[in-house]
Amino acid sequence: MMNTLLLHKGLGKDYIVVRTCEGDDYSGVDNIIVHKPSVTVICAFDDFHSGFGSDSEEKKMNYIKTASKNGGVDLDHGFTIKEGKLVTKALHNIPIFYIAFNVIEFEKALQCLDTKNIHSLSLKEEPFYNKMIQAFEDQLPIIEQQMLLGINTKKTSILKENLEKFKKLLPSMKRSLNVKDQEGS
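Keep in mind the model is a prediction, meaning the values are calculated, not measured.

**Q** Would you take a moment to explain the overall build of the chain for this structure?
**A** Summing up its helical and strand segments, the chain has seven helices and six strands in all. Traced from its N-terminal end to its C-terminal end, the chain shows the element sequence α-β-α-β-β-α-β-β-β-α-α-α-α. Within the chain, contacts between residues at least 6 apart in sequence are counted, and of these 63% link residues at least 24 apart. Accessible area for the chain stands at about 10,200 Å²; split by element, carbon and sulfur atoms hold 53% of it.

Right under this line is the structure:
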């Protein structure tokens, strides 16, 4: 939930960041990010915290590669926005990423997490948010490479379209609060 909250705070009012239901979580998807103005599910991601006895980071990367070859992930219990309201809908061919924090990073992030202010990042939260956005950016070439190896060209073609939407929005997701705060002082 820490990752969900940090992304909610960092992405702001133009995005919805939600945890998936238990059924979709079993399929390797912990969260989805929706861009509200375009009503686009831009990506899904799986949380990974190394050192907690969970899967290895290599295993997560292999899952991302396999999913990308197969045209992305599908969610049985996704949603869209119609006429300003959330409407349940299965979603298909969504780009999937993972976000990894080791035990020390995770504990530091939890100590810095401000749960009283859920609408904006603090300076202490910024590095952890930026690490997540950087993880997305770092995994893009891997996903694109795996799409080229895909067998089902229709699914990978749809995934490619969805990934392009994500790539267009990625620069606006990056944050540098230090610059913003210095300008305001």
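**Q** Explain the nonpolar core to me, please; I cannot follow it from the model alone.
**A** Ranked by internal contacts, the top residues of the largest apolar core, which has 51 residues, are Leu7, Ile32, Ile33, Phe97, Phe136, Phe166 and Met173. Examining the composition of this core, we find that eight residues originate from one element, helix 5 (residues 126-148), more than from any other. Ignoring sequence-local partners within four residues, the contact set of Phe136 consists of Leu7, Ile33, Cys43, Phe45, Phe97, Ile99, Phe166 and Leu170.

**Q** Even after reading the chapter, I still don't get the pattern of salt bridges, so can you show me in this structure?
**A** Pairing between side chains of opposite charge can happen when the charged atoms of each approach one another. Within the structure shown, the criterion is met by six salt bridges. Glu105 is paired through a salt bridge with Lys131; the nearest N and O atoms lie 3.4 Å apart. Of this pair, Glu105 sits in helix 4 (residues 103-112) while Lys131 is found in helix 5, placing the two residues 26 residues apart along the sequence. Assessed through its relative accessible area of 24%, Glu105 is described here as partly exposed. With its nearest N and O atoms 2.5 Å apart, the salt bridge here joins Glu144 to Lys167. Placement of Glu144 in helix 5 and of Lys167 in helix 6 (residues 153-173) is noted, with a sequence separation of 23 residues between them. The class of Lys167 is partly exposed, set by a relative accessible area of 29%.

Cut-offs applied
Residues numbered from 1 in each chain as written. Predicted model: local features only at pLDDT ≥ 70, side-chain atom pairs only at ≥ 80, totals over all residues. Heavy atoms only, no water. Helix = DSSP H or I, 4+ residues; strand = E, 2+ residues; numbered from the N terminus. Contact = heavy atoms within 4.5 Å. Areas by Shrake-Rupley, 256 points an atom, 1.4 Å probe, with all protein chains shown as cover. Core = buried A, V, L, I, M, F, W, Y, C linked by side-chain atoms within 4.5 Å. Buried < 20%, exposed > 50% of the residue type's maximum accessible area, 1.4 Å probe, protein only. Salt bridge = Lys/Arg side-chain N within 4 Å of Asp/Glu carboxyl O.

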